[in-house]
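# Architecture at a glance
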Amino acid sequence: MIKYAAMWMVSALLAGSCACSQSVPDEHKQPVDYVNPNIGGIGILLTSTEPIVQYPFGMARIAPVTTPGIVDRYLADKIYGFSAGPALLMVSTGAAATQAGAYASDFDHDFETATPYYYEADLQTWGIKAAYTVTQDAAFYRFTFPASQHAHLALSMKRDATLTVAGSDVVQGSRRVYGAYGQNGVPSDSKKETREYFYAVFSRPVDTWQTWQGTELSHEAEQTGASIGYVSDVSTTAGETMEVRVGFSYISLEQAKRNLEEQIPDWAFDQVKQEAKQAWNHALGQIALSGGTEKQKTIFYTSLYRSLQRMTDITEDGRYFSGYDHAVHDADGHDFYVNDGAWDTFRSMHPLQLLLNGKQQEDMIRSYLRMYEQSGWMPSFPSVSGAKAVMIGHHSDEIILDAYEKGWRDFNVEEAYQAMKKNATQASMLPWTSGPMTHLGREYLQKGFFPALAYGEKETVPQVTQELRQAVSVTLESAYDDWCVATLAKALGKKADAAYFMKLAQNYKNVYNPAIGFMAPKSADGSWVAHYDPKLGGGQGARDYFTEMDGWVYSFSVPYDVAGLIDLMGGRDKFNSRLDQLFVEQYGEPKYVFLRQFPDATGLIGLYAQGNEPSFHIPYLYDFSGEPWKTQFRVRQIMNVWYGDGPRGVPGDDDGGETSSWYVLSALGFYPVCPGSPVYEIGSPIFSKSVLQMGDGRDFTILAKDVSAQNKYIQSATLNGHPLDKPWFTQAEIANGATLVLQMGDKPNLEWGSAPGDAPPSLSTASADEN
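Let me begin by describing the structure that accompanies this report. (Residues numbered from 1 in each chain as written. Predicted model: local features only at pLDDT ≥ 70, side-chain atom pairs only at ≥ 80, totals over all residues. Heavy atoms only, no water.)

## Section: the overall build of the protein
Definition in use: Secondary structure elements are taken from DSSP: a helix is a run of H or I of four residues or more, a strand is a run of E of two residues or more, and numbering for both begins at the N terminus. As defined in this context, the radius of gyration uses C-alpha atoms, and a globule is described by 2.2 Å times the residue total to the power 0.38. Only protein chains enter the calculation, and the probe is 1.4 Å; a residue is then buried if its accessible area is under 20% of its type maximum, exposed if over 50%, and partly exposed in between. Method for areas: the Shrake-Rupley scheme with a 1.4 Å probe, in which residue coverage is limited to the protein chains shown. Note that His is not counted, nor are the chain ends; the positive residues are Lys and Arg, and the negative ones are Asp and Glu. Charged groups are reduced to one reference atom each: NZ for lysine, CZ for arginine, CG for aspartic acid, CD for glutamic acid.
A tally of regular secondary structure across the protein gives 22 helices and 36 strands. Radius of gyration (C-alpha) of the protein: 26 Å, near the 28 Å computed for a compact globule of 771 residues. For the C-alpha atoms alone, the extent of the protein along its principal axes is close to 80 × 60 × 55 Å. Out of the 771 residues belonging to the protein, those deemed buried represent 63%. Carbon together with sulfur atoms contributes 50% to the accessible area of the protein, which is approximately 27,000 Å² in total. A distance of 4 Å separates the average location of the 61 positive side-chain charges in the protein from that of its 90 negative side-chain charges.

## Some details on the nonpolar core
Note the cut-off: Grouping buried Ala, Val, Leu, Ile, Met, Phe, Trp, Tyr and Cys residues that are joined through side-chain atoms within 4.5 Å yields what is termed a nonpolar core.
Membership of the largest hydrophobic core comes to 232 residues, with the highest contact counts inside it found for Tyr141 and Phe300. For this core, the leading source of residues is helix α13 (residues 471–491), giving twelve residues.

## Focus on the sheet that holds strand β10 (residues 161–167)
To summarise the sheet geometry, strands pair through backbone hydrogen bonds and adopt either a parallel or an antiparallel arrangement. Defined as follows: A pair of strands is treated as paired once DSSP finds two or more bridges between them. Comment: axis = line fitted to C-alpha atoms, over the contacting stretch for helices; angle = value between 0 and 180 degrees taken between N-to-C directions.
Strand order in this open sheet of nine strands is β5-β6-β7-β8-β17-β12-β11-β10-β15, and the pairing throughout is antiparallel. Two strands close off the open sheet at either side, each with one partner strand: β5 (112–114) and β15 (222–225). The sheet shows a mean angle of 15 degrees between the axes of neighbouring strands, direction not considered. Across four bridges, the pairing between β10 and β15 is antiparallel.

## A word on the pattern of salt bridges
Heads up, the rule is: Basic side-chain nitrogens of Lys or Arg form a salt bridge, by our definition, when they fall within 4 Å of a carboxyl oxygen of Asp or Glu.
Counted under the stated rule, the structure contains 24 salt bridges. Residue Asp402 pairs with Lys406 through a salt bridge whose shortest N-O separation is 3.0 Å. For Lys406, a relative accessible area of 6% translates into the label buried. In this structure, a network of salt bridges that share partners links the residues Glu120, Asp122 and Lys129.

## Comments concerning the environment of Glu196
Note the cut-off: Note on contacts: a residue pair is in contact if any heavy atoms of the two residues lie within 4.5 Å.
Within the fold, Glu196 resides in strand β12 (residues 194–202). By relative accessible area, Glu196 is classed as buried at 13%. Taking the C-alpha atoms as reference points, Glu196 and Arg175, 21 residues apart in sequence, are found 5.6 Å from one another. The residues touching Glu196, leaving out its near neighbours within four places in the chain, are Gly85, Pro86, Gly173, Ser174, Arg175, Val177, Ser249 and Tyr250.

## Some points on the packing of helix α19 (residues 628–642) against helix α20 (residues 658–668)
To be explicit about the condition: For this classification, under 35 degrees means roughly parallel, over 145 means roughly antiparallel, 65 to 115 means roughly perpendicular, and everything else is oblique. Crossings are sorted by hand: turned counterclockwise from the far helix by less than a right angle, the near helix makes the crossing left-handed, and turned clockwise it makes it right-handed.
Across the interface, α19 lies against α20 with an axial gap of 11 Å and an inter-helix angle of 130 degrees. With respect to each other, α19 and α20 are oriented oblique. With respect to the hand of their crossing, α19 and α20 are arranged in left-handed fashion. Along the contact surface, α19 presents Val635, Ile638 and Met639, while α20 presents Trp662, Tyr663, Ser666 and Ala667.

Here it is as structure tokens:
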């Protein structure tokens, strides 16, 4: 148990409460008791969340597998089984079968307990109670049966799988893990593979067993291929329990067995459950709250739980399997992490984790660098089986620079810089592709913008996928990456590189069209694309020009140089007018038609979309433009309207915890507009006192005096006992522990933080200061 104990030393009804987490009297609640994993189980439009049981950042991730095709998991009618690494585990009574659907059972959320550390449900079709808990790399299942002559425990597996019956109480197997894709969705290397292994032990020998392949049952002890499985047959008395312990590994079957024997050595289910609960209490307890409502605490701690699930630590006994060279390596005292989506998570999830556990973030960066060493490229969407070619940009840059600028530098900084530089100068810039840079990327470097197709022009570049060019977004987000490279180059004394990349960081100006006041596409000859509509142009998801969002949102996508953007838009007044309009601008067509074109743009307030990441920093931009009280109003509005404590409580795709992490930071009262800059912008906290434990006895305390639903506006502030007249603070000011005191009131203080000199730093202001 040492490893995971050390990890943290290492419309309105559905948005309301639901009976889906354990009920604990309020006065005895611990942080984990507030978590409701079923929040978000109904997607606003696209995906829904899962009630995952795991350790913080744990490799074992267990959830009920519900009716295929019902994307809103909370509304599913049946449980088909429970994830068990590469297999699906299910129980039943009656006749044995070879199809997962034959074992499926009705269930009712009113007879369900969902927590981060334990799950329980009544399988009503069979009269069986199912429960499970986890460790870092293993799972423990408990099934309580009715009286039956034919009670079954079934394990089913899909393609490229192997399964072996190794005894009357042991089944083991593995399955190939897919998910690393390169050019045009083709698997990156079909000759090499990543496998996930399992080793399962039953609490009693079974009476008889069969295996299957396809639809044929047999007594073969080994099965290989697709659609294979195992089913046991035992007789049970009423209330009899049968338990299953399963170890998982990406290294080998032997390692899966070892993980099980080390982490769950005996049949002490309640002990394992309690240790998992303690692990979560330790993790969630790093942020202590006073004040607020029970609903707000439920949303907060559930959001924090989701923010602490990724990246995934796949270190096993001091070793790890890498999908980047398909070899097993010694971890050398630093855990190896995979399962990230930097386009999403660099914005607030990694900055939040950095505040809570900087040393762990250093190991995550070391993991990125190991991937670079093993594959030749630093990924942005690392999976266990290799890099995924997903989204745009090279946003591991922001994760690395953010840690460096905030004082966490225990990794090979020179190697990190070289990896960032290689991505910036040699890697493909096309959406959803990997590999070397095409001539379109070289045009960005030479001309200062990524070229879009001219109006009516047909695509002739074969590397462009069905995700199209997304040309304006690629320009804007690549310029942000270039700013990261330039900033790190400057810190390392690489003056020529710093100057080169800082010039590229100005490329955002090349796609701002002052005639219309929006970011806009240019074709290869440098002319503006004709007939461009910043609201509805670009086709499905605006993918000709943008990434999932429209030109209204992306016109504010310059987080590293907001001052420069304000100047481009004509000054503070015009900038604020455009920002105000974003929150009230309507769709230009019926809402359902707009959402059909922009299904990621949920959580709408005007054209602002809290359901997708490019919006997340925008409410905080008023801190830069002299009207921070509008930031205070908007972040409260977003939290109140679009986050809830029921199944529809997440405003869009949670994207591995990113959308949840926005809530955590905003509820505390601050947010990092520009990861890579050691600065936090102030919003409007909802709790009277929040204490964030940053490790080594360093606490960051936020006191919001007289805070309430109406008292959302900051009247005055102090930081460490000194007056704070600006709506931001730096990492250095809180690094050794700090207290931020905000006096709240029900009316805006139009003077606080509004002077031009009160604005947070930007590239343009920093350059002016240097000159």
